[in-house]
Amino acid sequence: MTDYKLINNENSRRYEFQIDGFIPKIEYILSENGEIYLTHTEVPPALEGKDIASQLVLKVLQDIEHKNLKLVPLCPFIAGYIQKHPEWKKLIMRGVRVE
């Protein structure tokens, strides 16, 4: 599997990969209180089925952990990823449940 470089496109408020002219992305809202709300994950149809979304989520979670942000996973794909990888529940803001 190719290891893609994570880009934090702060102007567009999204994490992204740039792959052959396509942009898989995770959109976010960053609060002044150090909370990050991951709102939407999107992978262009031409890139589906290549495990790109999972790699993107993993790299975003690693970045959130590195920056000591508190996560609110509003996107169902990200919530599902965390359910399958419970070691990332430690990033979730207190009082938020992932089901």
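Here, the structure is the one placed above.
Residues numbered from 1 in each chain as written. Predicted model: local features only at pLDDT ≥ 70, side-chain atom pairs only at ≥ 80, totals over all residues. Heavy atoms only, no water.

## Considering the nonpolar core
Core analysis: the largest hydrophobic core is formed by 25 residues, its most contacted members being I36, L38, L61, I64 and L71. Sorting the residues of this core by element identifies β3 (25–30), β4 (35–42), α1 (52–66) and α2 (76–84) as the ones contributing at least two each. When neighbours within four sequence positions are excluded, I36 is seen to be in contact with Y15, Y28, I29, L30, I64, L69, K70, L71 and V72. (Core = buried A, V, L, I, M, F, W, Y, C linked by side-chain atoms within 4.5 Å. Buried < 20%, exposed > 50% of the residue type's maximum accessible area, 1.4 Å probe, protein only. Helix = DSSP H or I, 4+ residues; strand = E, 2+ residues; numbered from the N terminus. Contact = heavy atoms within 4.5 Å.)

## A closer look at α1
Across its 15 residues, α1 extends 21 Å between first and last C-alpha, which sits within 8% of the 21 Å expected from 1.5 Å per residue. Listing the buried residues of α1 in full gives I52, A53, Q55, L56, V57, K59, V60, L61, D63 and I64. Its buried side turned inward, α1 meets β2 (14–16), β3, β4, β5 (70–73) and α2. In the segment just after α1, N68 is the residue with positive phi, at about 55°. (Expected span 1.5 Å × (residues − 1).)

## Points about the packing of α1 against α2
Two numbers describe how α1 lies on α2: the axes approach to 11 Å, and their chain directions differ by 80°. Considering their axes alone, α1 and α2 lie roughly perpendicular with respect to each other. In this structure, α1 uses A53, S54, V57, L58 and L61 to contact α2, whose residues at the interface are F77, I78, Y81 and I82. Residues belonging to the contact of α1 with α2 are distributed by class as follows: 8 nonpolar, 1 polar and no charged. (Axes fitted to C-alpha atoms, helices over the stretch in contact; angles between N-to-C directions. Parallel < 35°, antiparallel > 145°, perpendicular 65-115°, else oblique. Nonpolar A, V, L, I, M, F, W, Y, C, P; charged D, E, K, R; others polar.)

That is the geometry; function is a separate question.
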